[in-house]
Amino acid sequence: MTTTLAIRGVTKQFGHGATSVEAVRGVGLSVESGEVLLIMGPSGSGKSTLLSIMGALLRPTAGTVTLNGVAISQLPERDLPPVRLREFGFVFQDFNLLAALSALENVALVAELAGTARAEALRRAGELLTELGLAERVAFLPDQLSGGEKQRVAIARALINDPSVILADEPTANLDSSNGHEIMRTLRAVAKERGRSVVIVSHDQRIRDIADRVVWLEDGQLRDLMTMAVDPVCGMSVEHDRAVTLEQGGELRFFCSRGCRAEFLGELDGPAETRPARTGPLASLFQAVRPKTP
Amino acid sequence: MLAWRNLSRDPIRLLLSVAGVAVSIVLILLLVGYRSGIYAQASAYLDHAPGSALVAERGVADFFGTTSTLEPRVVEQVASLPGVAAAVPIVTQFVVFEEHGRKDGMFLVGYDPAKGGGPWRLAAGREPATDEEIVLDGVAAGQHGIGLGDRIRILDRDLAVVGLSEDTTFWSGSMAFARIGALETLLRAPGLRSFLLVTPTPGASLPSLTTAVSSLGADLVPKSTLIANDRRLLARVYDAPIGLMVAIAFVIGILVVGLVIYTSTVERRREYGALKAIGAGNRALYRVVATQALIAALLGAGSGAVLAVVGERALMAWRPQFRVEIDAATLVVVLASSLLMAAIASLVPARALAGLEPAEVLRS
Ligand SMILES: Nc1ncnc2c1ncn2[C@@H]1O[C@H](COP(=O)(O)OP(=O)(O)OP(=O)(O)O)[C@@H](O)[C@H]1O
Ligand SMILES: [Mg+2]
């Protein structure tokens, strides 16, 4: 059976009166099983807040969250822990493994919380860690693992209770790019091979390609993604209307600032805005020598 | 599992909390043991004296606290009452004894060595044979540097120390034993008798004996009543300060465990927050901190109990006048109180956990 996590008209307001913040405003979204949804947006745009609401960690001020037709945003607080435990798997930016427990125990503990007997929990945790390529690391403490290994343990922990939805907040932010890619591939495999819904929050442009769908959150609202572009120099996301543009070889490029455009063109030739757009072999040479350019 | 790992991965902290509880348990055990030691000492004389009841002056209901004087007529007639197998007269007087500039309370007992009521165990020497001889408590004599054969001055008379008794210190000093005649002379009260130690004949009716003694103008008081009243007297003096110290020790134990568990909980705040986000309920997290407190408290109580028993031996060897009695019942009570410590100590950390928002873990 396919599962659907859907939110409708979700708003979250923190505080009251003059100092109140509307972190999420009227957002509607849904994610199907087997789908990888990427939520992007600038810092403070409400991504984590939205993810918390989707994962039943936060109650929306308005709107509903439904999982397979059940309005989980309407459940009383005491019914939420089992929902979090069985229906959602969380992966955090800073891993949040329990420092006192081994990799194996970190994963098994979550199964035990869900009522699985100790021996069975340890067996399943071992299997899962082996599948994730950590067979050699099961007895290690988190401190003895690399960042990528820790995040894979965290993914195993998120998967152990067979949840329908995996929610990951900036899962690659503390990893180098190769480890980051590895984690993203793993998360994609979780969606494709296990049929889970995977929701990832990130502002890492490198991972756009693993997502089935990308949504852009800004000021707590979803923006039309078609109007967003990526600065090829600094990797920042920019809105088309606000971007500094460059027409090049029949292709339109968008930059966050004149500085980035100038850097893109190379300072040798003077201020960028006074120069005509470069075309032809020279432009591709510029691209080739710039490591940051995708 | 998590509780134990949290503790064992941090041995210094574990050691600290265990030591804290141990110190508090040692204090509690020694204080409570000291108190029961005092009580045991207070009843030692009556526990060992012959008979099961005492004839005392009308209205006197304790042994150490009040002076009792029996009329000679009573002394004569009680012995011949039906149902009385033996009535051993004794004279008691509390005096302050000073020697080598050191003052001590001394509870003097005049008795007849032929009839009983004297020291029940001698460490050295013999019982007094003349009115010029005395048996001192061995520990008190040692403290004053008095040995067998020395002469000591009591009130205005010199007496020769012929024996040293054991087990005869008590809360406000020590006991000393002389012949009745010696006390009559010392107190200038010929014929003075304070109590009769009464042994009823087997099968004698105690109520009718009580009535008979009462009709003579005195009271027949069972030993158990006297002991209970002496204890009540003691309780008035000792229970409040000892109770206060026990309470302080108890609070120290709670504070140490509480603080250690609390700091470890705060330090692992993010971990616990993540656990909440993953779906651990408050109850599961309480269990983790409560188990940590419990392990610390039980380890502390165990090592504390061992230390206290060792300390008890050491203390009594070093200062024999302190009698510390730690019995099984006390150990059980203290074990229970360590459980209580754990429960109270985990209240604050548990509250901190309850207030933890699961969504907080996503905020950097
Ligand atoms: N518990 C809270 N109380 C008050 N304000 C909050 C709370 N949580 C979030 N906010 C506010 O809501 C807004 C959105 O925060 P959120 O953490 O969701 O942003 P984000 O997109 O995840 O940012 P980042 O990329 O930096 O992680 C911010 O202005 C933040 O200050
Ligand atoms: Mg965030």
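One structure accompanies this document, and this report is about it.

Conventions adopted
- Residues numbered from 1 in each chain as written.
- Chains lettered and ligands numbered in written order.
- Predicted model: local features only at pLDDT ≥ 70, side-chain atom pairs only at ≥ 80, totals over all residues.
- Heavy atoms only, no water.
- Core = buried A, V, L, I, M, F, W, Y, C linked by side-chain atoms within 4.5 Å.
- Buried < 20%, exposed > 50% of the residue type's maximum accessible area, 1.4 Å probe, protein only.
- Helix = DSSP H or I, 4+ residues; strand = E, 2+ residues; numbered from the N terminus.
- Phe/Tyr/Trp six-rings, centres within 6.5 Å; stacked < 30°, edge-to-face > 60°.
- Salt bridge = Lys/Arg side-chain N within 4 Å of Asp/Glu carboxyl O.
- Pairing = 2+ DSSP bridges.
- Contact = heavy atoms within 4.5 Å.
- Buried area = accessible area lost by both parts, 1.4 Å probe.
- Polar contact = N/O pair within 3.5 Å; in protein donor to acceptor, adjacent residues only side chain to side chain.
- Axes fitted to C-alpha atoms, helices over the stretch in contact; angles between N-to-C directions.
- Near = heavy atom within 4 Å.
- Areas by Shrake-Rupley, 256 points an atom, 1.4 Å probe, with all protein chains shown as cover.
- Nonpolar A, V, L, I, M, F, W, Y, C, P; charged D, E, K, R; others polar.

## Re the nonpolar core
- Residues A:Val153, A:Ile155, A:Ile166, A:Leu187, A:Val198 and A:Ile200 are the most contacted members of the largest nonpolar core, which totals 43 residues.
- Contributing elements (two or more residues each) for this core: strand E3 (36–40), helix H3 (103–113), helix H4 (118–131), helix H5 (147–159), strand E7 (165–169), helix H6 (177–194), strand E8 (197–201) and strand E9 (213–218) of chain A.
- It is H5(A) that provides the largest number of residues to this core, a total of 6 residues.
- In terms of nonpolar packing, the next biggest core, distinct from the first, is built from 42 residues, B:Val21, B:Ala305, B:Val324 and B:Ala342 among them.

## Quick look at the packing of aromatic side chains
Residues and elements named next belong to chain B.
- Evaluation of the coordinates by the stated rule reveals 12 aromatic pairs over all chains.
- Geometrically, the ring pair formed by Phe63 and Phe107 is tilted, given 5.6 Å between the ring centres and 55° between the ring planes. In this pair, Phe63 sits in the loop between strand E1 (53–57) and helix H3 (72–79) while Phe107 sits in strand E3 (residues 102–111), placing the two residues 44 residues apart along the sequence.
- We classify Phe63 as buried; its relative accessible area is 1%.
- With 6.5 Å between their ring centres and 85° between their planes, Trp120 and Phe177 make a pair best called edge-to-face. Of this pair, Trp120 sits in the loop between E3 and strand E4 (122–125) while Phe177 sits in strand E9 (residues 173–179), placing them 57 residues apart in sequence. Of the two residues, Trp120 and Phe177, neither departs from the other in class, the shared state being buried.

## Looking at the pattern of salt bridges
Residue and element names in this part refer to chain A.
- Taken as a whole and assessed by the stated rule, the structure comprises 29 salt bridges over all chains.
- In this structure, the salt-bridge partner of Arg213 is Glu35, at a minimum N-O distance of 2.8 Å. Of this pair, Arg213 sits in strand E9 while Glu35 sits in the loop between strand E2 (21–32) and E3, and the two are 178 residues apart along the sequence.
- Of the residues examined, Arg213 reaches a relative accessible area of 30% and is grouped as partly exposed.

## Structural notes on the pairing of strand E13 (residues 244–248) of chain A
Residues and elements named next belong to chain A.
- Covered by surrounding structure in E13 are Val244, Leu246 and Gln248 only, the residues Thr245 and Glu247 on the alternate face being uncovered.
- Note: E13 against strand E14 (residues 251–255), 5 bridges, orientation antiparallel. Within E14, the position partnered with Leu246 by the bridge is Arg253.
- Between E13 and E14, which pair antiparallel one after the other, the connecting turn spans 2 residues, and Gly249 there sits at a positive phi close to 55°.

## A short note on the interface of chain A and chain B
- If you look at the interface, chain A gives 25 residues, while chain B gives 21 residues.
- Summed over both sides, the interface of chain A with chain B buries roughly 2,200 Å², with 68% coming from carbon and sulfur.
- At the boundary of chain A and chain B, one finds 1 salt bridge.
- One salt bridge in this structure joins A:Asp94 and B:Arg270, with 2.9 Å as the shortest N-O distance.
- For the pair chain A and chain B, the number of links is 3 residue pairs in polar contact (both at pLDDT 80 or more).

## Brief notes about the sheet that holds E7(A)
Residue and element names in this part refer to chain A.
- The strand order across the open sheet formed by 6 strands is E6-E7-E8-E3-E9-E10, and the pairing between neighbours is mixed. Taken across any chain shown, the strands that pair with only one partner, and hence form the sheet edges, are strand E6 (88–91) and strand E10 (221–223). Across the sheet, the mean angle separating the axes of adjacent strands is 25° when strand polarity is ignored.
- In terms of strand pairing, E3 meets E9 through 4 bridges, oriented parallel. Along E9, the bridge assignment pairs Leu38 with Val214.
- Along the sheet, helix H1 (residues 47–54) makes contact with E3, E6, E7, E8 and E9, crossing E7 at roughly 160°.

## Some points on the site of ligand 1
- Taken together, 13 residues are adjacent to ligand 1, and A:Ser43, A:Lys47, A:Ser48, A:Thr49 and B:Arg363 come closest.
- Around ligand 1, the nearby residues trace back to chains A and B.
- Here an oxygen atom of ligand 1 and a side-chain polar atom of A:Ser48 are 2.7 Å apart.
- Isolated, ligand 1 exposes 630 Å² of accessible area, and the fraction of that covered by the protein chains is 68%.
- Looking at the shell around ligand 1, the elements that each hand over two or more residues are E2 and H1 of chain A.
- Ranked by residue count, the leading element in the shell around ligand 1 is H1(A), at 3 residues.
- Of the residues contributing to the shell around ligand 1, the split by class is 4 nonpolar, 6 polar and 3 charged.

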